[in-house]
Amino acid sequence: MKLLKVSRILLFTFLTLLFSNCNEDEILSNSTAELVTIGDKDYRPDFHFTPQSNWMNDPNGMVYYAGEYHLFYQHNPDASVWGPMHWGHAISTDLVNWQEMPIALYPDDLGNIFSGSIVVDSNNTSGFKTGSESPLVAIFTHQNPANNNQTQSLAFSNDKGRSWTKYENNPVLVNNSIVDFRDPKVSWHEETQKWIMVIAAGDEIMFYSSPNLKNWEYKHSFGKNVGAHGGVWECPDLFKIQDENGQEKWALLVSINPGGPNGGSGTQYFLGDFDGEIFTTTQESTLWLDYGTDNYAGVTWSNEPNNRNLFLGWMSNWVYAQNVPTKGYRSAMTFPRTLNWKNINDENIIVSELPTELVYAVGRKVIEKTDASGFTLIDDETLGEGKFYLETTLDFSAINEAKIEWGNKSSSVVINYNKVTGELLLDRSESGYKFNNLNGNILKCPYVLPDSNQLKISMLVDKSSMEIFLNDGERVLTALVFPLAPFKNLEISASKEIQFIKKIKINQLKK
Ligand code: FRU
C-alpha cells in the first residue's frame, strides 16, 4: 500500500516535471529582473562541473580508468529543464578541470536513460571485451515514458568510455510489481567473487548479485523501519569505509526526495555490515551526509586508484532546481569529497573531506591572521569575484555564539553557531534569489562541539555555491546562493569582545 502511494507520488512528480513549463523566460520571471542581468556569467561556477548548455541532474557512472576520472550525468540536451534523459559525459585527470565529451547514451525503444553506474570489468565476466582495453560496463535504468515502467539495462565501451554499445538482450533486470525500481549501483565483491547491485525500490533498497552483470539474483531488501521515509528512495551506493586506524565498516548511502533534513532532497546513510548478500545495521538514528539543501543523488567513484571513497553529488534540490536563475544551463556538481567514518560522542558517523586535488584550485593567499577578537573585510575584490577558500578556527571556550556574515550593503548570507543550542544555522533568506518553499530558508545543522570547544570552519565558495565543512567534515552544508550584486564584505563576530578567532585564512581560487 505504502509503496503504491510512493509510486503514485513519484509518477505524479515525473509527469509534473515532464509537462512543466519549459519556457525559459517564464521561469526567470519567477525571480527579479536584476538577477536575470547578472545571469549565467557570474553564476556559473569555475571549478565545479557544469554542462556547457542545458539541463543536468544526478551524477552517473562515475568510474576511473586509465588515468581518467569519468563523470556521466543525467542530461537533457534540448532544454534547461528536466526532460527525456540522456547520459552526458565529462572527463578529468585532476577533479578540477573537466572536459565535456559527446553524449554517451541516448534514449531508445526501451525508454529514457535514468541513473546508474559503471564498472571496469577487468576479468571480462560479461564477455563484452573486444580489444586490449578492459570493457567499461554501464548498468542503468531504462524508463519507459509511456507508463513510467523502469527496467535495468547494460551498455559497454571498449575504447576507454569514448563510444558505447547497448547490450542486445536488454533489459537484464525487471521487477513488475514495483514502479519505482531504479538507479542501480554495482560493485565487485571480492570475498564472494560476485557483482553486487544495490537498487532503489520504492522506499527500500534491494540487493542483487551476479557472476557476469547479465543474470541477477535477488538477495535481500533493506530499509523497512529504519532511516527517513518522507519520500521515495533513490540513487543508493554501497561501499567499504574505514576509520583513521583502518577499521572497516560498510556504508549504504540513500538519497531521499522529499524528506531531506532541511526540506526537499537529501542524502541519508547507514553504517553497518555486509556479507555479500545481506546488509545489517544497529544504527538507530537517521544520519545525513549533508545538512545543506544542495547535495543530492551523490555516489562514489568506481575503481578509484587510491582506494578512496571519492564522492560527488548533484548540487541542487528538486524543490527549485528547474527555476534557479542561471541562463542557458542548469545545475552544477558538488566538489568531490572523500568519505571515511569516525566515532564522535559515541556515534559512528561519516566524515566528508575535500580531496587533496583541491590544491589544483587553490591560488594566492589573500589574508592570514591569528588570535583576533573580530574580523572584517570590506569591499574586497577576491570576495567580490565570488570564489574563495576560507578556513577559520573559532574558540568557544569563553563565548556561546559567533557568526560569519558574507555579503554586501543590502544582502548577505549569515552562518551562526550557538554552543548552547548545539546548532549551526545557515541563513540565505536575504541573499538575493528567493529559494521558495524551503523552511524559511534557514538551514539547521545540529552539531555539539568537541571538548576542545573549537570549531574549524572550511568554506569553499564558487560563484553560486558554498560548501561548508565543520571540524574536518564532521558536518557538511552545501547550499546554492545567487546574490543580486557581488558580495565583497565579510565579517566574523561573537557575542562578546574577546579573542575567539584562533585563525582566519582566505585564499583565492584560480582558473
Ligand atoms: C534522482 C532521480 C533518479 C532518476 C533520475 C531521473 O534525482 O529521480 O531516481 O534515475 O533522477 O532523471
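Residues numbered from 1 in each chain as written. Predicted model: local features only at pLDDT ≥ 70, side-chain atom pairs only at ≥ 80, totals over all residues. Heavy atoms only, no water.

## Re the overall build of the chain
- Per the secondary structure count, the chain includes 4 helices and 34 strands.
- Of the contacts made within the chain by residues no fewer than 6 positions apart, 62% connect residues no fewer than 24 positions apart.
- Of the charged side chains in the chain, 42 are positive and 61 negative; the average position of the first set lies 3 Å away from that of the second. (Helix = DSSP H or I, 4+ residues; strand = E, 2+ residues; numbered from the N terminus. Contact = heavy atoms within 4.5 Å. Lys, Arg positive; Asp, Glu negative; His and termini not counted. Charge placed at Lys NZ, Arg CZ, Asp CG, Glu CD.)

## What about the sheet that holds strand β19 (residues 310–314)?
- Ordered in space as β18-β19-β21-β22, the 4 strands form an open sheet in which the pairing is antiparallel. Each edge of the sheet is formed by a strand with only one pairing partner; in this case those strands are β18 (296–300) and β22 (347–353). Neighbour-to-neighbour, the strand axes of this sheet turn through a mean angle of 40°, independent of strand direction. (Pairing = 2+ DSSP bridges. Axes fitted to C-alpha atoms, helices over the stretch in contact; angles between N-to-C directions.)

## Quick notes on the side chain of Q150
- Its place among the elements puts Q150 in strand β7 (residues 150–157).
- Among the polar contacts made by the side chain of Q150, one reaches the main-chain amide nitrogen of F181 at a distance of 3.1 Å. (Polar contact = N/O pair within 3.5 Å; in protein donor to acceptor, adjacent residues only side chain to side chain.)

## A closer look at the site of the ligand
- Near the ligand, the surroundings consist of N57, D58, Q74, W82, M85, F114, S115, R182, D183, E234, Y296 and W318.
- Contacts to the ligand include R182, whose side-chain N or O atom sits 2.7 Å from an oxygen atom.
- For the ligand, whose free accessible area comes to 320 Å², the fraction covered by protein is 99%.
- Counting residues per element, the ones that place at least two in the shell around the ligand are β1 (54–65), β5 (112–120) and β9 (181–189). (Near = heavy atom within 4 Å. Areas by Shrake-Rupley, 256 points an atom, 1.4 Å probe, with all protein chains shown as cover.)

## Here's the deal with the packing of aromatic side chains
- Within the structure shown, the criterion is met by 32 aromatic pairs.
- An angle of 85° between the planes, with centres 4.9 Å apart, marks the rings of Y43 and F482 as edge-to-face. On the criterion of sequence distance, the pair formed by Y43 in helix α3 (residues 33–43) and F482 in the loop between β32 (475–480) and β33 (489–494) is long-range, its members being 439 residues apart. An identical accessibility class is assigned to Y43 and F482; each is buried.
- With 5.6 Å between their ring centres and 90° between their planes, F72 and W164 make a pair best called edge-to-face. Placement of the pair is F72 in strand β2 (residues 68–76) and W164 in the loop between β7 and β8 (165–166), with a sequence separation of 92 residues.
- Look at F72 and you get buried, because its relative accessible area is 0%.
- A residue is classified by how much of its surface remains accessible, and W164, at 15% relative accessible area, is buried.
- An aromatic cluster is present here, built from F207, F222, W233, W250, F270, F274 and F279 joined pairwise through their rings.
- Geometry around Y329 places R44 over its ring, the cationic atom sitting 4.0 Å from the centre.
- Seen from the ring of F128, K214 lies directly overhead, with NZ or CZ sitting 4.7 Å from the centre. (Phe/Tyr/Trp six-rings, centres within 6.5 Å; stacked < 30°, edge-to-face > 60°. Buried < 20%, exposed > 50% of the residue type's maximum accessible area, 1.4 Å probe, protein only. Lys NZ or Arg CZ within 6 Å of the ring centre and 35° of its normal.)

## Comments concerning the confidence of the model for the chain
- Summarising the model, the chain shows a mean pLDDT of 92, and 91% of its residues fall at 70 or more.
- This model gives residues 1–39 a pLDDT under 50, and the stretch forms 61 contacts once residues within four places in sequence are excluded. (pLDDT = per-residue confidence, 0-100.)

## Notes on the environment of S429
- Along the chain, the position of S429 falls in the loop between β28 (423–427) and β29 (442–446).
- Once the C-alpha coordinates of S429 and W288 are considered, the two residues, 141 residues apart in sequence, prove to be 23 Å apart.
- Engagement of the side chain of S429 in a polar contact is seen with the side chain of D427, the distance being 2.6 Å.

## Concerning the sheet that holds β5
- Overall, antiparallel pairing links the 4 strands, which are arranged β5-β6-β7-β8 in an open sheet. In the strand order of this sheet, the two ends are held by β5 and β8, each with one partner.
- Examined bridge by bridge, strand β6 (residues 136–143) and β7 share 8 bridges and lie antiparallel to one another. Considered in β7, the bridge of T141 is made with Q152.

## Let's talk about the pairing of strand β31 (residues 465–470)
- Of all 6 residues making up β31, 6 are buried, and the element is well covered by its neighbours.
- What you see with β31 is no split at all: S465, E467 and F469 on one side and M466, I468 and L470 on the other are buried throughout.
- Two successive antiparallel strands, strand β30 (residues 454–462) and β31, enclose a turn made up of 2 residues, where K463 displays a positive phi of approximately 65°.
- Direction of pairing for β31 relative to β32: antiparallel, over a ladder of 6 bridges.

## Quick word on the side chain of N317
- Along the chain, N317 turns up in the loop between β19 and β20 (329–330).
- Within the structure, N317 has its side chain in polar contact with the backbone nitrogen of S265 (distance 3.1 Å).

## A few points about unusual backbone geometry
- With omega at -5°, the peptide bond leading from N170 into P171 counts as cis.
- Within the element layout of this structure, P171 appears in the loop between β8 and β9.
- The omega angle of the peptide bond from N257 to P258 is -5°, so this bond is cis rather than trans.
- By the secondary structure assignment, P258 is in the loop between β14 (248–257) and β15 (266–274).
- Positive phi, normally seen in glycine, also occurs at N453, with a value near 65°.
- Among the secondary structure elements, N453 is positioned in the loop between β29 and β30.

## Here we look at the nonpolar core
- L252, W406 and M466 are the most contacted members of the largest nonpolar core, which has 71 residues in total.
- Looking at which element gives the most residues to this core, the answer is β14, with 6 residues.
- The contacts of M466, once residues within four sequence positions are left out, are W406, V413, I415, L426, M459, L460, V461, L477, T478, A479 and V481. (Core = buried A, V, L, I, M, F, W, Y, C linked by side-chain atoms within 4.5 Å.)

## Focus on the pattern of salt bridges
- Taken as a whole and assessed by the stated rule, the structure comprises 24 salt bridges.
- Between E68 and R162 there is a salt bridge, and its shortest N-O distance comes to 2.7 Å. Taken as a pair, E68 in strand β2 and R162 in the loop between β7 and β8 lie far apart in primary sequence, 94 residues in all.
- The residue E234 makes a salt bridge to R182 at a minimum N-O spacing of 2.6 Å. One end of the pair, E234, is in strand β13 (residues 232–242); the other, R182, is in strand β9, with 52 residues separating them in the sequence. You'll find E234 and R182 in the same group, each marked buried.
- Each of D180, R182, D183 and E234 takes part in one network of salt bridges that share partners. (Salt bridge = Lys/Arg side-chain N within 4 Å of Asp/Glu carboxyl O.)

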